[in-house]
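Notes for the structure review
Each chain, written out:
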Amino acid sequence: MDVTDVHHSYRRHAVLRGVDLRLPPGTLAGIVGENGAGKSTLLKILSGELKPDRGAVRHHGRFGYCPQSVVLDDSFTVRQHLDFFQHAFGLADLRRAEEVMEVLAFTEYLDQRAGLLSGGSRQKLNLTLALMHDPDVLLLDEPYQGFDWETYLRFWELATKLRDAGRSVLVVSHLAYDIDRLDLLWRLEGGHLHRQERRAGTAA
C-alpha cells in the first residue's frame, strides 16, 4: 500500500495535512495518536470509505478493514454473518474464517446471535469478517478493544502469522503496547505521520 500527500479537512478544521505512508508486503506496522488526531479519518481514507481532499492511496492486492465500530446485525447468528460475507466475497468455502476463529478461540459461538455476544466476542467476529477473504493488506482500528489478556495475545499471534505469510498489517490505536512486536511505528500528530523509535516494553 502506498499513500501520497493525503489531506482531509472537516469544514475549516484540517485533520490530515499531507500524510505519506508506504506499507510493504510482510510488514506489521502501527500508528498511534491522541484521540481526535485523525486516526479513524485516515483509516477510512485508506479503506476507500472516505475520499481525501487531496492525495492518493494505492492498494496492491486485496485489503481487509476492521473498523473500530462493529457493524453487525444483532438478529443474525455468527454463522449467518459468515454465510452472508462468504456470498459477498464470492468465496468457495469458509476455510479461512474457520482458521481465524480457531486462533481466536471463537468457534463455539457459531450459532450464537450477535446481539447476545460480549463486546470482546463481537470484536472477534468483526476481525474474522475482515480476514475471511485472506486479504493482502489488513487495516485495523483499535482491534483489541474488549479483549481479555489471552485473546490479546492470540491477536498478536494471528498478526505475526499474517506478517510472516507476506501480508501487510496496520494496527491503529491511541495507545500501542508491545511495540517491540512491530516492524514500523508512526505517530499521527499535527496532521502528519512521524516515524517513532520502538523501545521494548514501552507504551507509546
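For the structure, check the block above.
Values in this document were obtained by computation on a predicted structure and should not be read as measured data.

Right, let's talk about the packing of helix α2 (residues 78-89) against helix α4 (residues 119-131) for a bit. Relative orientation of the contacting elements α2 and α4 amounts to 20 degrees, with a least axis distance of 10 Å. Taken together, α2 and α4 sit at an angle that is classed as roughly parallel. The two elements α2 and α4 meet at a crossing, and its hand is right-handed. The residues of α4 that touch α2, namely those facing Val78, His81, Leu82, Phe85 and Phe89, are Leu125, Thr128 and Leu129. The class makeup of the residues in the contact of α2 with α4 is six nonpolar, two polar and no charged.

Per the counting criterion, the structure on display carries 12 salt bridges. Glu99 is the partner of Arg96 in a salt bridge, and the nearest nitrogen-oxygen pair spans 3.0 Å. Of this pair, Arg96 and Glu99 both sit in helix α3 (residues 95-103), three residues apart, which is roughly one turn of the helix. The buried category is assigned to Arg96, whose relative accessible area is 18%. Ionic pairing is found between Glu157 and Lys161, a salt bridge with its closest N-O pair at 3.3 Å. Placement of the pair is Glu157 and Lys161 together in helix α5 (residues 149-164), with a separation of four residues, close to one helical turn. Judged by relative accessible area, Glu157 falls into the partly exposed class, the value being 36%. Among the residues examined, Lys161 registers a relative accessible area of 47% and is labelled partly exposed.

Read across the open sheet, the three strands follow the order β2-β1-β4; overall the sheet is antiparallel. Two strands close off the open sheet at either side, each with one partner strand: β2 (13-22) and β4 (54-58). The mean inter-strand angle of the sheet, taken between neighbouring strand axes irrespective of direction, is 25 degrees.

In this section: the sheet that holds strand β7 (residues 168-173). The sheet built from six strands is open, its strands ordered β5-β6-β7-β3-β8-β9 with mixed pairing. Strand pairing shows two members of the sheet lacking a second neighbour, β5 (63-66) and β9 (192-195), which therefore form its edges. When strand polarity is set aside, the average angle formed by the axes of neighbouring strands in this sheet is 20 degrees. Packing of helix α1 (residues 39-47) onto the sheet brings it into contact with β3 (27-32), β5, β6 (137-141), β7 and β8 (184-189), and relative to β6 it is tilted by some 155 degrees. Against the sheet, α4 makes contact with β5 and β6, and its axis sits at roughly 165 degrees relative to β5, the strand it touches most.

Relative to the helices and strands, Val137 is located in strand β6. Along the primary structure Val137 and Pro24 are separated by 113 residues, whereas in three dimensions their C-alpha atoms are 9.3 Å apart. Discounting chain neighbours no more than four positions away, the residues touching Val137 are Met1, Leu23, Arg62, Phe63, Gly64 and Ser168.

For α5, which comprises 16 residues, the first-to-last C-alpha distance of 23 Å matches the rise-based estimate of 22 Å (1.5 Å per residue) to within 8%. In this structure, the buried side of α5 is in contact with β3, α3, α4, β6 and β7. One or two residues past the end of α5 sits Gly166, with phi positive at roughly 95 degrees.

Counted under the stated rule, the structure contains nine aromatic pairs. Between Phe84 and Phe85, the aromatic rings sit 5.8 Å apart at their centres with planes inclined by 70 degrees, giving edge-to-face as the arrangement. Judged by its relative accessible area of 53%, Phe84 is exposed. Of the residues examined, Phe85 reaches a relative accessible area of 24% and is grouped as partly exposed. Look at Tyr144 and Phe155: their rings are 5.4 Å apart centre to centre, the planes differ by 75 degrees, and that puts the pair in the edge-to-face class. Highlighted residues: Tyr144 in the loop between β6 and α5 and Phe155 in helix α5, separated in sequence by 11 residues.

What counts and how
Residues numbered from 1 in each chain as written. Predicted model: local features only at pLDDT ≥ 70, side-chain atom pairs only at ≥ 80, totals over all residues. Heavy atoms only, no water. Axes fitted to C-alpha atoms, helices over the stretch in contact; angles between N-to-C directions. Helix = DSSP H or I, 4+ residues; strand = E, 2+ residues; numbered from the N terminus. Parallel < 35°, antiparallel > 145°, perpendicular 65-115°, else oblique. Left-handed = near helix turned anticlockwise from the far one by under 90°. Contact = heavy atoms within 4.5 Å. Nonpolar A, V, L, I, M, F, W, Y, C, P; charged D, E, K, R; others polar. Salt bridge = Lys/Arg side-chain N within 4 Å of Asp/Glu carboxyl O. Buried < 20%, exposed > 50% of the residue type's maximum accessible area, 1.4 Å probe, protein only. Pairing = 2+ DSSP bridges. Expected span 1.5 Å × (residues − 1). Phe/Tyr/Trp six-rings, centres within 6.5 Å; stacked < 30°, edge-to-face > 60°.

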